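Listed below are the residues making up each chain.
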Amino acid sequence: MRVRIAPSPTGDPHVGTAYIALFNYVFAKKAGGKFVLRIEDTDQTRARADSEQMIFDALHWIGLSWDEGPDVGGPYAPYRQSERAHHYKAAAGELLDAGKAYRCFCTAERLAKVRIQQQAEKKNSGYDRHCRDADPTEARNRAAQGETHVVRLKAPLTGSVVVHDQLRGPVTIDADQIDDQVLLKSDGLPTYHLANVVDDHLMQITHVIRAEEWISSTPKHVLLYQAFDWEAPQFFHMPLLRNADKSKISKRKNPVSINYYRDVGILPHALLNFLGLMGWSFGDDREKFTLAEMVDAFAWEKVSLGGPVFNLDKLTWLNEKYIHDLDYEQLADAVISWRLNKEHLIRVLPLVRERIKKLDELIPAIEYFYSGDLDYTPVLADMKIPDATPADVGKALLDYIEKIEAREGFTAAVLEEEARKWTEALGWKAKHSFMLLRFAVTARKASPPLFETMSVLGKEITRRRLRQAAEIVGKAK
RNA sequence: GACCCCGUCGUCCAGAGGCCUAGGACACCCGCCUUUCACGCAGGUAACACGGGUUCGAAUCCCGUCGGGGUCGCCA
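*Asks:* Even after reading the chapter, I still don't get the packing of aromatic side chains, so can you show me in this structure?
*Replies:* Aromatic ring pairs are reported here in terms of the distance separating the ring centres and the angle at which the planes meet. In the structure shown here, the tally under the stated rule is 23 aromatic pairs. On the numbers, 4.9 Å between centres and 80 degrees between planes, the contact of phenylalanine 298 with tryptophan 300 is edge-to-face. With relative accessibility at 13%, the residue tryptophan 300 sits in the buried group. Aromatic pair tyrosine 400 and tryptophan 422: ring centres 5.0 Å apart, planes at 45 degrees, arrangement tilted. One end of the pair, tyrosine 400, is in helix H15 (residues 390–405); the other, tryptophan 422, is in helix H16 (residues 412–426), and 22 residues separate them in sequence. Relative accessible area serves as the criterion here: at 0%, tyrosine 400 is assigned to the buried category.

Here it is, written out as structure tokens:
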């Protein structure tokens, strides 16, 4: 029995990744199987250099480990899809030769045009199969001459595909709902659909446990297994974590980075425990439990399919329980490994040394480096920009978040550069806009240099405060 | 919009035909404890989406409606 978690290194380590990893892990351990970590980095445009390591660190931090993966190796290495390109190319070639796939030379522009037309006519969207019946030999020649193209699966035109979801039973999808999925992109790398099927087969994955959002593309995967004449794994689709409004959890409405929870002082086991409460229960009233206990009690029958709202209040309550159960030695260690340590202090001190005359002034001076959400009421009246409405100011803060998120690295230089461009684009004065940022990030009129402060606070806390400030200011009169 | 999934307190779960005048937890409200606050303890408000079936009997099974969500990319 083998399962895998297959995160894509495109940003901050996501709680959803941890959630699905937990269920994979628990199921594997319960059944005495292997848990594999595979990095799905086939999208060069979105891949982030630091993301992969952050995923490893975050998963380790909450207490999960894997039997095979890019960092620990294993019998099916490599575990990074960018290093497995030849497998996908070979697989696609096989389908091409068998006439089960074809080369498509349609341009992105044409596809966009088709899509717009389909929407205008209110028809089902999807590829119109323009290249499907072109002569294969001619297509091969065009490709040989270097013409850019993709490889698409020849999906059946009639009939239907049945996906046996182990949590819901058979799900039947008509052929007309399945279009000719791209298998190999024009850059020669596979799409998720091809790569996950090829790798799951090659890596002998027996059970695919993933989020519900994948259910609608599973028929394509089933079709691929059939085309290769491979045995498909069993599929389990877990419900999606939700925002308070029930939509799929998203960073605009909820902190989604595992690092955020780490930075605000949620204990790793509390987070993991909380994730175990999402869509699953012991069957009795037990709410606080260890990973080992969950493994022991795990059964798919105890999974519920309604999308669970990720509720900060309840996570905080659970975390409180964990804190209270720590002895003082352990609590001290937890606090130290959080932020109260020399390493962190050495980042903070350069910002405040000139501002203190006695050591007893230190704690008040650096209080907001060790706090989570701030109280903006004392400065709310000052959080405005001449000739801008509160709504504009709120929106501008959100804009600034977008700008800094698009950048790799959270250094003072990057933050300042983006702030200056942002200020200019808004037509504001830096003395006003920077003060606004200062209020948002520190809730004070006076602080050490703004961008250094943000950098030391870290991406997660900074982003959260900017967002909170945006909300409060946006609603202000 | 089309297709697919889901539907028990505001939220997370229990409930797998009679044990349900629906249970626990978070949040909220009240009280006790206490110099204060917090913890702790004791109470309280609050839900089976709706309509049809099936059955002696339905939160539990079936159908429909409604509601929510997901997907419809050369992103995963």
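Still more ground to cover, so stick around.
*Asks:* Just checking my understanding: could you explain the layout of surface pockets for this structure?
*Replies:* Rolling a probe over the atoms, with the probe sized like a water molecule, indicates the empty space that remains. Of the volumes computed, that of the second largest pocket is approximately 920 Å³. Along its surface, the second largest pocket is lined by 34 residues, and Asn259, Arg262, Asp263, Trp338 and Arg339 are the ones closest to its centre. Of all elements in the fold, only helix H2 (51–62), helix H8 (258–263), helix H12 (328–338), helix H13 (342–352), helix H18 (450–457) and helix H19 (459–475) reach the threshold of two or more residues within the lining of the second largest pocket. Looking at the lining of the second largest pocket element by element, the count peaks at 5 residues for H12. When grouped by side-chain class, the residues that make up the lining of the second largest pocket number 14 nonpolar, 8 polar and 12 charged.

*Asks:* How should I be thinking about the sheet that holds strand E4 (residues 150–153) in this particular structure?
*Replies:* Within a sheet, each strand pairs with its neighbour through backbone hydrogen bonds, oriented either parallel or antiparallel. Taken in spatial order, the 3 strands make up an open sheet running E3-E4-E7, and their pairing is antiparallel. Because the sheet does not close on itself, it has two edges, and the strands there are strand E3 (101–104) and strand E7 (182–184). The sheet shows a mean angle of 45 degrees between the axes of neighbouring strands, direction not considered. Sheet topology note: the E3/E4 ladder contains 4 bridges and is antiparallel. Paired with arginine 103 across the bridge in E4 is valine 151.

*Asks:* Is there a simple way to think about the protein's contact with RNA strand B in this case?
*Replies:* For RNA strand B, the set of nearby residues contains 53 residues, the closest of which are Lys185, Ser186, Glu212, Gly279 and Glu287. Protein-adjacent atoms of RNA strand B, using a 4 Å cutoff, are sugar or phosphate at a proportion of 83%. Within the side chain of aspartate 43, an N or O atom sits 3.1 Å from a sugar or linking oxygen of RNA strand B. Contacts to RNA strand B include asparagine 311, whose side-chain N or O atom sits 3.4 Å from a sugar or linking oxygen. Among the secondary structure elements, those contributing two or more residues to the surface near RNA strand B are helix H4 (108–120), E4, strand E6 (169–174) and helix H11 (312–325). The dominant element in the surface near RNA strand B, judged by the number of residues it contributes, is H11, at 5 residues. Split into classes, the residues belonging to the surface near RNA strand B amount to 16 nonpolar, 18 polar and 19 charged.

*Asks:* In this structure, what is going on with unusual backbone geometry? I would like to understand it.
*Replies:* Across residues other than glycine, the phi torsion is negative in most instances, and most of the peptide bonds are trans. Each neighbour pair has its own omega, and for alanine 77 with proline 78 the value is -5 degrees, a cis peptide bond. The residue proline 78 is located in the loop between H2 and helix H3 (85–97) in this model. Not every positive phi belongs to a glycine, and aspartate 387 is a case in point at roughly 65 degrees. Along the polypeptide, aspartate 387 turns up in the loop between helix H14 (362–366) and H15. Look at alanine 443: it is not a glycine, yet its phi comes out positive at around 60 degrees. Note on placement: alanine 443 falls in the loop between helix H17 (430–442) and H18.

The rules we used
Residues numbered from 1 in each chain as written. Chains lettered and ligands numbered in written order. Predicted model: local features only at pLDDT ≥ 70, side-chain atom pairs only at ≥ 80, totals over all residues. Heavy atoms only, no water. Phe/Tyr/Trp six-rings, centres within 6.5 Å; stacked < 30°, edge-to-face > 60°. Buried < 20%, exposed > 50% of the residue type's maximum accessible area, 1.4 Å probe, protein only. Helix = DSSP H or I, 4+ residues; strand = E, 2+ residues; numbered from the N terminus. 1 Å grid on protein atoms, 1.4 Å probe; cavity = no way out; pocket = protein on both sides within 12 Å on 5 of 7 lines; lining within 4 Å. Points joined across faces, edges and corners; volume = space filled by probe spheres on them. Nonpolar A, V, L, I, M, F, W, Y, C, P; charged D, E, K, R; others polar. Pairing = 2+ DSSP bridges. Axes fitted to C-alpha atoms, helices over the stretch in contact; angles between N-to-C directions. Near = heavy atom within 4 Å. Polar contact = N/O pair within 3.5 Å; in protein donor to acceptor, adjacent residues only side chain to side chain.

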